[in-house]
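# Working through the structure, step by step
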Amino acid sequence: MSAEAADREAVSGSRPCTPPQASCFEFLLDPSLLEQHLRGLHPGICLVPQSHQFLEQASKPSVNEQNQVQPPADNRRNRTLKLMALKVAAHLTWDLNLLEKGLTIPVLNMLLNEFLCVSRVPPGVKHVDLDLSTLPPTTAMAVLIYNRWAIRTIVLSSFPEKQTKPGPHQLNMMSLVQQEKELTENILSVLREQATDSITVLEGALNIKKDFYIHTLRSLDLLAADPSTANGETESSTAGLRISADHLHCQVHYDLGGIYFQQGCSDPSVYEKAKEHFRKARELLTKLDSSASLCCVDEQRLAGYWSACKTLTETSDPGESQHTPYGQISCFMRNHDYGALIEAFIRDNVTLSLPHSFRHSIQLELLHKLQQGDRALEEVCHKLCVCNAVRDALEGGVLGVSFHQLLIKPSKNTISFLLEVCTRSLDKEHRSETSKRKMAIFIKTVCNRLEDVSLAFMVSSHKLFMELLQDEEKKILMEQMRKSSATVNLSAKPLPSFYDIPASASVNISQLEQQLILSLDPRHIRQILIELHGMAERPFWRVNSKWEVPVDYVNVILAIKDNLTRDLVYILMAKGLHCISIKDFAHARQLFTACLELVTEFSPKLRQVMLNELLLMEVRGHEAGAAEGNMERPPPDLVSRVRGYLEMRIHDLPLRQIVGEECVVFMLNWRENEYLTLQVPQSLVNSNPYIKLGQLIASTCKELPGPKESRRTAKELWEVVVQICSVSSQHKRSSDGRVSLLKQRESSMDIKLGKSCFCGLIPGHYSYDFFFISQDDIVNEVTAEHISIWPSSLANLQSVDVEAVVVTLKELVNYALSLNPNNQLWLCTQADIYFVTNQYSAAMHYYLQAGTVCSDYFTKPVPPDVYTDQVAVLCQFLREVDYMTAFKALQEQNSHDSMDSFYDYIWDVTILEYLTCILFKEDPISDQHESAIKAIGQTELNSSNPEEVLQLAAQKRKKKFLQALAKLYF
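No experiment lies behind these values; they were computed from the predicted model shown. (Residues numbered from 1 in each chain as written. Predicted model: local features only at pLDDT ≥ 70, side-chain atom pairs only at ≥ 80, totals over all residues. Heavy atoms only, no water.)

When you go through the protein chain residue by residue, the secondary structure sums to 47 helices and seven strands. Within the protein chain, the proportion of its 970 residues that are buried is 47%. Taking all contacts inside the protein chain whose residues are at least 6 apart in sequence as the whole, residues at least 24 apart take part in 66%. Counting only carbon and sulfur atoms, one obtains 52% of the accessible surface of the protein chain, whose full area is about 49800 Å². (Helix = DSSP H or I, 4+ residues; strand = E, 2+ residues; numbered from the N terminus. Buried < 20%, exposed > 50% of the residue type's maximum accessible area, 1.4 Å probe, protein only. Contact = heavy atoms within 4.5 Å. Areas by Shrake-Rupley, 256 points an atom, 1.4 Å probe, with all protein chains shown as cover.)

Okay, here's the thing in structure tokens:
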């Protein structure tokens, strides 16, 4: 499971209904109620917030008669609340993964300190001075849990963290947030000071071979009832949950490996220690019962740590390297076997096993060596750039800056290698029509970018060019090349036709069947079938297993009594549908028209079926033209036929669902809002869910950007979409498997539309943006047109199937980008989605893509509304320089943005002055301070310069900075 899929599963997995919550006061009045409550909860319910609630109540300060704030009283109420918080943690078997996710560092610190106190850890004695082997088992276990949490927290705090941006309703909480942040920093400071002691304690625990015991609800109750008795019982190992030594050692090895790996950033020799601990954790993990819940090691993260340690320590198992793609690539890099490396990249273009980021990181590593003077790597870098560009093309991505630069003056060998990679990257057995189409677009792009006409002809004469591009595309490209070169005469080489297949009277059945498979000429197909039926009487519609017609039509066609007519109708329809799927609309029209003429003679039902399919073909053909840039409105006749289909009511006529969907989408895309909102019959709206949904979308779009009062329709659309994406006991399932969604307002509305159907309908309507609030802060993070018309919150978030929402949103944005990968708004939206889901590298990638497409690869100024406050340099791009965010970014101690290498790109003197000041305070003789002084001392940044000089200096630095970033991310 990918990291993204794992995160989604954690957030929205089963989402059970939460039972009614009891308050703290009910648990105080009846302590036994808590245990009943915990045992009655669904396993998927998160219990950690309840622990937070108990601690919050127990730590509230009191006010005396003089209105003076007093610390929390040590009374029975507060002790009981703390005990209940510990019981919740005990019910979770002290799983630090769950506790860390649900509690902040200050709250978890409070909980574990209370745990130490309850477990009778000697106060005032350093943990490193305790002999764990002589302590009661539960006491020793409490010490180990606390120190495990200490080093885990140090590691987690070193990861880059998104700075939350409060919404309007959160501004009054800023002081509380700041207080908590300061408290967290204080705790982290103490934990870092004691890190060496915590490591010593945990390493000492690895020498203890006996089992440990950990407090449970029962042992905590015994402590509360009679501490002296409970302590004795715990010492004799009759209370608490037994933890085997292997379980504990596996967990400790994993945590120690994590802290050593984090320390390796400053001391690479420590990676050996990390590797050894991860090795032992892996060994122990294989011995333990996989169903046991006591050892909560993240196996995927452990595998990642292990792979990273082997790479960093330059050691690997030769046998293992042969079985893992990462191991193979690492081995090739260490041995400088660049030929094998390139072969691996070409194979990966078919298997798609290596992540995009990993492939580009290899390219960047070799490019760095090339820039340092290793000229032998120039050809290798060019070949890797080509391999990655082909991979990007097959995935529908934007081609990188380095590839465009390579195409400016490529060698003949480079183009020859590119064509070889293209050929080998298309899997001959399983290549889909989508991948072939994407490859065709890539080849067209290469042809258009090549200035050397001889190289362009080299591409156009290749078999891939001839196979993948449609006739019309080839003609257009050939004409462009003719205009580019007056010396080359192409008229002597007419484009070959793939469909001119002569029939012969003296052929056998197998030859005729082969011609039948290849031919797209209706008359030729009919003649072949006549000859075949004269030679043998069998169903020839089965000749090709890839001939498929919709299941809705199969029974009607196979019910035709005449065998020849049945074969002809089936084959004409199957071939026509195949032509539509590859966007060969000219041949599809010929085939469908011939089929229509045939069935009109004997079947009114099939005649209407063919009219419907012809309509769908015309709709798709017009939409395909629009996707390629032809924004000419559809002819009135086509619009009229679409309306006729939507209003058609013929009894016992097989109808394909996709036809209705695409007709509604067609009306939306061409803004036939008047028809959908005012002219469509109400009976049709009530009976057809697609038309109802289309009407709501059309009404919402029609009212934009109207006054606030016009948001009623938008709210109604919102409620319908929320219902579609909800899981509720009010939903009724019909016999066809769709969910009936009832909206109970002034009127009753019944929309039978499954989530899968809805997810299929929305991406086709690519003219508008839809965003759904599935997290409390997403409205403050994801930007899009008209987002203000939607409600700012959800009344019942738990009832929403968040996974369905995420799938729909991603489908929409991905589909939009597949139609136009260079749309600035959609690229920014995609970047925002990655940003709010904490995938910062991917977010930066798409932010940079948005910048490249609107600035011709940063040769022109980037519009000011493209970039937001990410780091100090980017803060200069805003209309009003965001000094607060810039200063905050410059003060970051745990920086992961390579800020020190970007000082030369800062042109705002105020930011530079602040930078030199803080660097001087840190170390006045450091290289960073010297770089900042050099940057601010450049004459062109002098504030006394004319405005034109300052603007020119800013534009120059913007261009260089963004191009530098683009090379890192593309």
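Bringing helix 5 (residues 76-91) into the picture now. Between its first and last C-alpha, helix 5 extends 22 Å over 16 residues, near the 22 Å set by a 1.5 Å rise per residue. Three or more residues of helix 5 are buried, namely Asn78, Leu81, Leu83, Met84, Ala85, Leu86, Lys87, Val88, Ala89 and Ala90. Once helix 5 ends, the next one or two residues include threonine 93, with phi positive near 50°. (Expected span 1.5 Å × (residues − 1).)

Taken together, the side chains of Glu922, Asp923, Asp927 and Glu930 make up a negatively charged region of the molecular surface. Note on placement: aspartate 927 falls in helix 46 (residues 927-936). (Patch = residues over 30% accessible without salt bridge, like charges linked within 9 Å, V, L, I, M, F, W, Y side chains within 5 Å. Salt bridge = Lys/Arg side-chain N within 4 Å of Asp/Glu carboxyl O. Lys, Arg positive; Asp, Glu negative; His and termini not counted. Charge placed at Lys NZ, Arg CZ, Asp CG, Glu CD.)

The first and last C-alpha atoms of helix 37 (residues 689-703) sit 21 Å apart over 15 residues, in line with the 21 Å expected at 1.5 Å per residue. Among the 15 residues that make up helix 37, 13 are buried, leaving the element largely enclosed by the rest of the structure.

Now for the packing of helix 20 (residues 378-394) against helix 23 (residues 433-449). How two helices pack is summed up by the angle between their axes together with the distance between the axes. It is the contact of helix 20 with helix 23, at a shortest axis distance of 8 Å, that shows an interaxial angle of 125°. When the axis of helix 20 is compared with that of helix 23, the two are oblique. The two elements helix 20 and helix 23 cross, and the hand of that crossing is right-handed. Every residue of helix 23 that contacts helix 20 at Ala389, Val390, Ala393 and Leu394 is listed here: Ser435, Lys438, Met439 and Phe442. Of the residues that constitute the contact of helix 20 with helix 23, the class distribution is six nonpolar, one polar and one charged. (Axes fitted to C-alpha atoms, helices over the stretch in contact; angles between N-to-C directions. Parallel < 35°, antiparallel > 145°, perpendicular 65-115°, else oblique. Left-handed = near helix turned anticlockwise from the far one by under 90°. Nonpolar A, V, L, I, M, F, W, Y, C, P; charged D, E, K, R; others polar.)

Looking now at the nonpolar core. Residues Ile557, Met573 and Leu646 are the most contacted members of the largest nonpolar core, which totals 80 residues. Not counting residues within four places of it along the chain, the set of residues in contact with leucine 646 comprises Gly660, Cys663, Val664, Met667, Tyr675, Leu684 and Ile691. (Core = buried A, V, L, I, M, F, W, Y, C linked by side-chain atoms within 4.5 Å.)

Let us look at the pattern of salt bridges. According to the stated counting rule, one finds 29 salt bridges in the structure shown. With a closest N to O distance of 2.5 Å, aspartate 255 and arginine 148 form a salt bridge. With aspartate 255 in helix 13 (residues 245-263) and arginine 148 in helix 8 (residues 137-157), the pair connects residues that are 107 residues apart, well separated along the chain. For the pair aspartate 255 and arginine 148, a shared accessibility class is recorded, and that class is buried. One salt bridge connects glutamate 716 with lysine 692, and the closest N-O pair in it is separated by 4.0 Å. Highlighted residues: glutamate 716 in helix 38 (residues 712-724) and lysine 692 in helix 37, separated in sequence by 24 residues. Put simply, Glu100, Arg148, Arg152 and Asp255 are held in one network by salt bridges that share partners.

With that settled, consider the packing of aromatic side chains. The geometry of an aromatic ring pair is captured by the separation of the ring centres together with the interplanar angle, meaning the angle of the planes. Tallied over the full model, the rule gives nine aromatic pairs. Ring centres 5.1 Å apart and planes at 65° place the aromatic pair phenylalanine 261 and tyrosine 305 in the edge-to-face group. Placement of the pair is phenylalanine 261 in helix 13 and tyrosine 305 in helix 15 (residues 299-312), with a sequence separation of 44 residues. Tyrosine 305 shares its class with phenylalanine 261; the two are buried. Ring pairs connect the aromatic residues Tyr254, Phe261, Tyr271, Phe278 and Tyr305, which therefore count as one cluster. (Phe/Tyr/Trp six-rings, centres within 6.5 Å; stacked < 30°, edge-to-face > 60°.)

On to the environment of arginine 538, then. Mapped onto the elements of the fold, arginine 538 is located in the loop between helix 28 (522-535) and helix 29 (551-558). Remark: the alpha-carbon pair of arginine 538 and aspartate 567, spanning 29 residues in sequence, is separated by 9.7 Å. When neighbours within four sequence positions are excluded, arginine 538 is seen to be in contact with Ile509, Glu513, His533 and Asp567. At a separation of 2.5 Å, a polar atom in the side chain of arginine 538 contacts the side chain of glutamate 513. (Polar contact = N/O pair within 3.5 Å; in protein donor to acceptor, adjacent residues only side chain to side chain.)

The backbone of lysine 583 sits at a positive phi, close to 65°, despite the residue not being glycine. With respect to the helices and strands, lysine 583 occurs in the loop between helix 30 (563-581) and helix 31 (585-600). For arginine 671, which is not glycine, the phi torsion reads 55° and is therefore positive. Note that arginine 671 resides in the loop between helix 34 (657-669) and helix 35 (673-679).

Let us now look at the environment of valine 554. Inspection of the secondary structure assignment puts valine 554 in helix 29. The partly exposed category is assigned to valine 554, whose relative accessible area is 21%.

Attention now goes to the packing of helix 10 (residues 195-205) against helix 13. Contact geometry of helix 10 with helix 13 gives a least axis separation of 10 Å together with a crossing angle of 145°. Here the hand of the crossing between helix 10 and helix 13 comes out left-handed. For the pair helix 10 and helix 13, contact is made by Ile199, Leu202, Glu203 and Ala205 and by His249, Val252, Leu256, Ile259, Tyr260 and Gln263, respectively. Looking at the contact of helix 10 with helix 13 residue by residue, the classes come out as seven nonpolar, two polar and one charged.

As a further point, take the side chain of threonine 677. Tracing the backbone shows threonine 677 in helix 35. A relative accessible area of 18% means that threonine 677 is categorised as buried. Of the polar contacts made by the side chain of threonine 677, one reaches the backbone oxygen of glutamate 674; its length is 3.5 Å. Those residues within four positions of threonine 677 in sequence are excluded, and the remaining contacts are Gln695, Ala698, Ser699 and Lys702.

A separate point is the environment of glutamate 420. Along the chain, glutamate 420 falls in helix 22 (residues 412-425). The sequence separation of glutamate 420 and isoleucine 346 amounts to 74 residues, and the corresponding C-alpha distance is 9.5 Å.

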